[in-house]
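# Understanding the architecture of this molecule
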Amino acid sequence: MNNYFVKRFLYLIPTLIGASILIFFLYSLIPGNFIDTDPNLTAERKAELYALYGFDQPTIIRYFIWMGNLFQGDLGYSLQFQRPVTEVLNNYIWSSFIVAFASLFLTWGIAMVIGVISATKQYSFFDSFITILVFGAMAIPSFFLGLIAIKFFAVDLGWFPAGGMTTSGADYTGWAYVKDIAEHMVLPVIVLTMLGIGGLTRYFRTNMLEVVKQDFVRTARAKGLKEKVVIYKHALRNALLPAITLFAFELPALFSGAIITEQIFNWPGIGAIYMQAFSVRDYPLLMGFTMFIAVLTVISNLIADILYGVADPRVRVK
Amino acid sequence: MSYSNNEVIQTDHITKTVQRSSLWKEVMKRFFKRKMAIAGLIILLLVFLFSFIGPFFSPYMTAGTNPQEIHQAPSLSHWLGTDHLGRDVLTRLMLAGRISLTVGIGAMLLAVTIGGILGILAGYYGGLIDQIVMRIADILMTLPGLPLLFIMAAIMSEWQVPAEQRLYIVMIMLSLVNWPSLARLIRSQVLSLREREFMVATEVLGLRDKRKVLNHLLPNVVPLLIVTATLSVGGAILSESVLSFFGLGVVPPTASWGNMINTANTLIDFTNRPWLWIPPGVAIFVTVIAVNLLGDGLRDSIDPNMKGR
Amino acid sequence: MKARKYYFILFTALILFLTACNTEMGGGEESAAAGSDGEDTQSVDVVEDTKIEASDPASSPELALNRGNTVVVGLQEPGGVFTPHFNTSGYDGNVQSVMFPPLVDIDESGEPYPRLAESWEISDDGLTYTYHLRENLKFDDGSDLTAHDVAFTITLLHDPSYPGSTDITEANVVGGLDYKEGDAEEIDGITVIDDQTIEIQVEEPNARSLTMLGGEVLSESYYGADYSKGNLDYINDLHLKPLGAGPFKFEAYNPGEEIRFISNEFYYNGEPEVDTFIYRTSEGDSQQFFQTGELDYSAFPADQDNFELLQSLGYANIDLYTSSNYSYVAFNHESEIFQDPNVRIAFNLGLDRQAYIDARFQGFAELANVPVAPVSWAYTDEIEPFPYDPEEAKRLLEEAGWKEGSDGIREKDGEKLRVYFFTTDGSGGNDIFVTLAQENYREIGIDLQIEQMDFNALLSRVDNGDHDLVSFSTTMQPDPHIGVEAFHSKHTSNTFRGYENPEVDELIDAAVAVSDINERAEAYHELYAKLQEDPPMILLNYNKVLAGTNARVEGFEPNGIRGISPSLENLRIVE
């Protein structure tokens, strides 16, 4: 059985090498580069800068230089920020993380509760109502949802800030500072939660329906246990098990930044920075970030597999 | 997304041909019992009629811009008002529906074709083919979706595509992003089918690969394909609107629901001219809900044991 | 990237519009056109530049009223390179201009006025520049600012490893190239006479040398402590710790949130009354932040909607002014189609620009007639803009050999008259232009194909010459030369590559060779008249900016050339 994990682990290497090749060459196919951002440069100055930044080397050589640095943990130097890529990532990733974490927490909590209730009352009014609501949330384009939220909750009603992470010039410290950030988080977190909740609710509902039909649940009922105990103690626990693997798949999303939501709410996260870097073709930052996410994805897939193996020993044999 | 580990469709197959027709009859019967799925189907048909037939009843089909009638509120002559160039919003909404529906369905067809073929090949032949296809899918799936779309849009901007054919570019982009997860899903379905008695029987009978795949394997994968395909149409329509938001979707003057919302998304238009953004917003909303209800209903009826995701 | 999507221009050397409106990515501010049949469109009057006092200052959101002696202004996210001359993002330039006044600045009509330099002299032959610094100038850490720092800064810009985009060689300092390309240890043409006086020799007269040489000053003891010729890497570590001499000094930069400055007690013109000045950074639209009171000042794209919105906010002082930038559509001069000047004239005549401007800006922009904005001393209204005259356009195309084909599109030697128009993504009225231009051109038998892409891809493809037409908006133009230098056949920037007209070359050279403003203005008028016969572009419009200030703050005097930066030192909170 250890063989399985070893084999699984060895798969990581070709996948990551493949990803690095794909990332590098895809980005190098994009028209434009950092120096083109300034249309006023003369051809001579441009050539000077090309040489200075090493853009005049052939793509393949630049790939190996990049990979070589990557192995030493060096993601390169952001052209736009003139700082190391790792430092730039570190500056922005944590603000993305707190929003993603809060919304992940909410999404799972709400989806679990609704999914279970919906499943225990299949085809009831509640079930249909929730189904419609959930499908509704899944049917709104994310940017549109964000704009509507800003319009009504921030500008018209004034309940929450329209964007950003802190109130400029307020100089809060301590708890007031935490509260300030929390207030700024409300709208983006709600939007992200609404976007994510649909699929997950459906997943819990189906899973629960499946478990409820299984023998051990029937046995539990037959033993005369209360319905509540049956559902929440026996059935739910079993329905949750496969969800743990799913949870592992969500890990990269914690760090990858929600590009659209951050953009709309002006949240200083990595997603917004990615867009900005894209518009000026800050390739070291773009590639560094994409590679970072690729590594996270591969690792979390591995974790998911291992968890799944733990939960369901039959898989290991294969 | 990836929570579909064993979506085996639980139907018994003993003698295939006879079985198949009665299987579909069963499915239809179950499907027609689901009110919400029926509602989805009807709404979807109406949206199609609205988009493809509707414009023929509009007096503004051939009218261009009209500077005299900019930003008019809904009235008897313009039921949904006019936009910032004096064009009739209702007519544009219908024409945009053609584009958005075409993109949604086109992207789905492309993704299902690529994902389906590769998934079946990988699952059926296994070995090297499986390794190659699945490694490529794995690698593609390590890249975050939206950045991948930006990259492709930038690369494809070099292919001088006339504006009215831009929607094909959008389809290609969306299907390239979506095929890997589809291929993975189909592959696991094929893998589990391969172990089933009827497939083992074809082995024993010594049937040719082509026949085995086309006559026996494919029909059993089709239900899953239909369900996934239906659900992915909604996703593609939403993705197009998001691409429009970033200026990477269908470009004006060609209208899509996405870029219609997009040209009206200043706070001022939001407040003062709801007729510019409510209609395309509602159109997307209703269409995607209808598609999802339909897909959900199809899944439940094809797979009564609710084994699917 | 809307939320609006679009990013502003990221050009370097010039200071941009402050703050963000909904603009688009990069510099391609686009536009759109209007009315299909221009004849019967009622014309919209151009709205005059104006200032309107807030009607009800007390109605300001609490958030702003409670802010105390701090002023917050919106800015697009900068790149975090706060050393002048080293930034690549124009927004970094906005940050720098708070801390780094130049020796010689430019006023609202483009004329030079003294900042750190009290006065200057230019020799009669235009080859010697002498700057006299003010007495007791200090950097914001209290150290002295002297002529040695000025000499150091100019030397640094000549360093072979200098990575920024300020091209100092244009000033032709004597010995400059020997330093940059040779092994000279110093630049011969720079002479420090005493702590307050510096003299610089140049090889050729150039009207722009005064401000180019008299730019922002870097402290030699701070930025030059580790300097050795050919190695400027150490400066990267100082980009986030700027040391300037402006009204405010740098305090902190929280990426994605704000840049915070505090008043500088050593400022030559006296410490500002406002204690703290903050640039709050954002991507795109800042309108909602002005409405919620998070910003004290915000610039909006000028149109009827925004004007009415600001008027409805009782606490907003409104300042509508004309910017020094303008929008245009450039021809690809390497394309066969545009070799004939008459074809280019036909493209000008066949586009109803006024209808477009009316539809998009409702009077909040003006039709452009020359490549310099009305705010500049070089502007003239004596040159008539091309009228909308489709008949004449058709005649010119016919004459040039483009005959109408069966489908209404003109042909020549079997080739259809199909032109590709490049534009950056998205809304902001872009669709108005493309829709109207397509209609207008179809009418005279031109098939206009629209290609939309992001700004960087656009620049790179224009560089490859893939386009026929491309839409741009300039940055703010402190000197009229910036608007025309690219028409010179020796100039190698990509947009007007292939445009060659010896008479135009001569006129451009003549206009920078003299220093007297009146003489220069004459020279430009002659040049503009010549350009009308051989148009390198389709001029669209001069832009206006609609600035809103929360009435609790006074002192913002934005102008079309330098934005708000020169007025920051006068900010005051109204009690």
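This one's a predicted model, so the numbers in the text were calculated from it and none came from an experiment.

### Focus on the overall build of chain A
Looking only at helices and strands, one finds 14 helices and 0 strands in chain A. Judged by the C-alpha coordinates and their principal axes, chain A covers about 85 × 60 × 40 Å. Looking at the 318 residues of chain A, the share that counts as buried comes to 45%. Nonlocal contacts in chain A, meaning residues at least 24 apart in sequence, comprise 73% of its contacts between residues at least 6 apart.

### Quick look at the overall build of chain C
Counting its secondary structure elements, chain C contains 16 helices and 23 strands. A compact globule built from 575 residues should have a C-alpha radius of gyration of about 25 Å, and chain C, at 24 Å, falls within 12% of that. Overall, the C-alpha framework of chain C stretches about 75 × 60 × 40 Å when taken along its three principal axes. Of all 575 residues assigned to chain C, the portion counted as buried reaches 61%. Pairs at least 24 residues apart make up 73% of the contacts formed inside chain C by residues separated by at least 6 positions.

### Quick notes on the packing of helix 4 (residues 85-120) of chain A against helix 7 (residues 174-212) of chain A
Residue and element names in this part refer to chain A. At a closest axis distance of 6 Å, the pairing of helix 4 and helix 7 adopts a crossing angle of 35 degrees. Viewed along their axes, helix 4 and helix 7 form a crossing whose handedness is right-handed. Looking at the contact of helix 4 with helix 7 residue by residue, the classes come out as 21 nonpolar, 7 polar and 1 charged.

### Some thoughts on the sheet that holds strand 15 (residues 403-404) of chain C
Residues and elements named next belong to chain C. Spatially, 3 strands are ordered 15-16-17 in an open sheet, and the strand pairing comes out antiparallel. Looking at strand neighbours, the two that pair on one side only are strand 15 and strand 17 (415-416), the edges of this open sheet. By the bridge criterion, 2 bridges tie strand 15 to strand 16 (residues 410-412) in an arrangement that is antiparallel. Bridging across to strand 16, E404 finds its partner in R410.

### Things to note about the domain arrangement of chain C
Residue and element names in this part refer to chain C. The domain boundaries assigned to chain C delineate domain 1 (42-77 + 283-469 + 485-575) and domain 2 (103-237). Computed over C-alpha atoms only, the centres of domain 1 and domain 2 are separated by 33 Å. Contact with domain 1, which involves 14 residues of that partner, is made by 12 residues of domain 2.

### A word on the interface of chain A and chain C
Many structure descriptions define interface size as the accessible area lost when the parts assemble. Every contact between the two is made by 45 residues of chain A and, on the other side, 50 residues of chain C. Of all the secondary structure elements, the ones that give two or more residues to the side of chain A that touches chain C are helix 2 (43-53), helix 4, helix 6 (142-156), helix 11 (259-264) and helix 12 (270-280) of chain A. Here the residues of the side of chain A that touches chain C sort into 20 nonpolar, 19 polar and 6 charged.

### Quick word on the pairing of strand 9 (residues 248-254) of chain C
Residue and element names in this part refer to chain C. Relative to strand 10 (residues 258-263), strand 9 runs antiparallel, the two sharing 6 bridges. Along strand 10, the bridge assignment pairs A252 with R260. Once strand 9 ends, the chain turns through 3 residues before running back antiparallel as strand 10, passing G256 with a positive phi of about 80 degrees.

### Digging into the packing of helix 8 (residues 209-245) of chain B against helix 11 (residues 274-302) of chain B
All names here are of chain B. In contact at an axis separation of 9 Å, helix 8 and helix 11 are set at 165 degrees when each is read in the N-to-C sense. When the axis of helix 8 is compared with that of helix 11, the two are roughly antiparallel. Crossing angle aside, the handedness with which helix 8 passes helix 11 is left-handed. Between helix 8, through P223, I226, V227, T230, L231, V233, G234, I237, L238 and S241, and helix 11, the contact on the second element is made entirely by I284, T287, V288, V291, N292, L294, G295, L298, R299 and I302. Across the contact of helix 8 with helix 11, the residue classes break down as 13 nonpolar, 6 polar and 1 charged.

### Re the pairing of strand 12 (residues 297-301) of chain C
A regular strand places its side chains on the two faces of the sheet in alternate fashion. Residue and element names in this part refer to chain C. Where burial is concerned, most of strand 12 is hidden: 5 out of the 5 residues are buried. One ladder, built from 5 bridges, connects strand 12 with strand 21 (residues 537-550); its direction is antiparallel. In the strand pairing of strand 21, F300 is matched with L546.

### Observations concerning the nonpolar core
Residues V170 of chain B together with Y328, L527 and L546 of chain C are the most contacted members of the largest nonpolar core, which totals 330 residues. The contact partners of L527 of chain C, leaving out residues within four places of it in the chain, are V484, V504, L507, I508 and A511 of chain C.

### Things to note about the environment of I450 of chain C
Relative to the helices and strands, I450 of chain C resides in strand 19 (residues 447-453). Its 24 C-beta neighbours within 10 Å are what place I450 of chain C among the buried residues. On a C-alpha basis, the gap between I450 of chain C and P242 of chain C in space is 44 Å, while along the polypeptide they are 208 residues apart. Excluding residues that lie within four positions of it along the chain, I450 of chain C makes contacts with A163 and V251 of chain B together with F421, T423, V434 and Q438 of chain C.

### A short note on helix 8 (residues 304-312) of chain C
Buried residues of helix 8 of chain C: D305, N306, F307, L309 and L310 of chain C, and no others. In this structure, the buried side of helix 8 of chain C is in contact with helix 10 (267-272) of chain B together with strand 12, strand 13 (316-331) and strand 21 of chain C.

### With respect to unusual backbone geometry
Apart from glycine, the bulk of residues carry a negative phi angle, and the bulk of peptide bonds sit in the trans form. Of note in the backbone geometry, N266 of chain A takes a positive phi value of approximately 60 degrees without being a glycine. Inspection of the secondary structure puts N266 of chain A in the loop between helix 11 and helix 12. Judged by the 30 C-beta atoms lying within 10 Å of it, N266 of chain A is buried. Here the phi dihedral of N136 of chain C falls at roughly 55 degrees; this positive angle occurs in a residue that is not glycine. Tracing the backbone shows N136 of chain C in the loop between strand 6 (128-133) and helix 3 (147-157). For N136 of chain C, a count of 10 C-beta atoms within 10 Å corresponds to the exposed category.

### Overview of the confidence of the model for chain A
Atom-level detail of predicted coordinates should not be read off regions where pLDDT is low. Residues of chain A with pLDDT of at least 70 account for 94%, and the chain-wide mean is 81. Mean pLDDT values for the elements of chain A range from 45 in helix 14 (residues 314-317) of chain A up to 87 in helix 4 of chain A.

### Quick notes on the environment of D413 of chain C
Residue placement: D413 of chain C occurs in the loop between strand 16 and strand 17. Considered as a pair, D413 of chain C and F472 of chain C are 59 residues apart in the sequence and their alpha carbons are 31 Å apart.

### Things to note about the environment of V233 of chain B
All names here are of chain B. Here V233 is to be found in helix 8. Along the chain, V233 and V291 lie 58 residues apart, while their C-alpha atoms are 7.1 Å from each other. Apart from the residues lying within four places of it in its own chain, the contact partners of V233 are G104, I105, M108 and V291.

### Structural notes on the sheet that holds strand 6 of chain C
All names here are of chain C. Spatially, 5-6-8-7 is the arrangement adopted by the 4 strands of the open sheet, whose pairing is antiparallel. Edge strands, defined here as strands with exactly one partner in the open sheet, are strand 5 (117-122) and strand 7 (190-194). On average, each strand axis in the sheet is inclined to that of its neighbour by 20 degrees, with strand direction left out of account. By the bridge criterion, 5 bridges tie strand 6 to strand 8 (residues 197-201) in an arrangement that is antiparallel. Bridging from a neighbouring strand, T128 pairs with Q201 of strand 8. Across the sheet, helix 3 lies against strand 6, strand 7 and strand 8, angled at about 170 degrees from strand 7, the strand it touches most.

### Examining the confidence of the model for chain C
All names here are of chain C. This prediction gives chain C a mean pLDDT of 84; 91% of its residues lie at or above 70. This model gives residues 1-41 a pLDDT under 50, and the stretch forms 206 contacts once residues within four places in sequence are excluded. If you check the scores for this complex, the pTM reads 0.81 and the ipTM reads 0.83.

What counts as what
- Residues numbered from 1 in each chain as written.
- Chains lettered and ligands numbered in written order.
- Predicted model: local features only at pLDDT ≥ 70, side-chain atom pairs only at ≥ 80, totals over all residues.
- Helix = DSSP H or I, 4+ residues; strand = E, 2+ residues; numbered from the N terminus.
- Buried ≥ 20, exposed ≤ 12 C-beta atoms within 10 Å, placed from the backbone.
- Contact = placed C-beta atoms within 7 Å.
- Rg over C-alpha atoms; globule rule 2.2 N^0.38 Å.
- Axes fitted to C-alpha atoms, helices over the stretch in contact; angles between N-to-C directions.
- Left-handed = near helix turned anticlockwise from the far one by under 90°.
- Nonpolar A, V, L, I, M, F, W, Y, C, P; charged D, E, K, R; others polar.
- Pairing = 2+ DSSP bridges.
- Domains from an automatic or database assignment.
- Parallel < 35°, antiparallel > 145°, perpendicular 65-115°, else oblique.
- Core = buried A, V, L, I, M, F, W, Y, C linked by C-beta atoms within 7 Å.
- pLDDT = per-residue confidence, 0-100.

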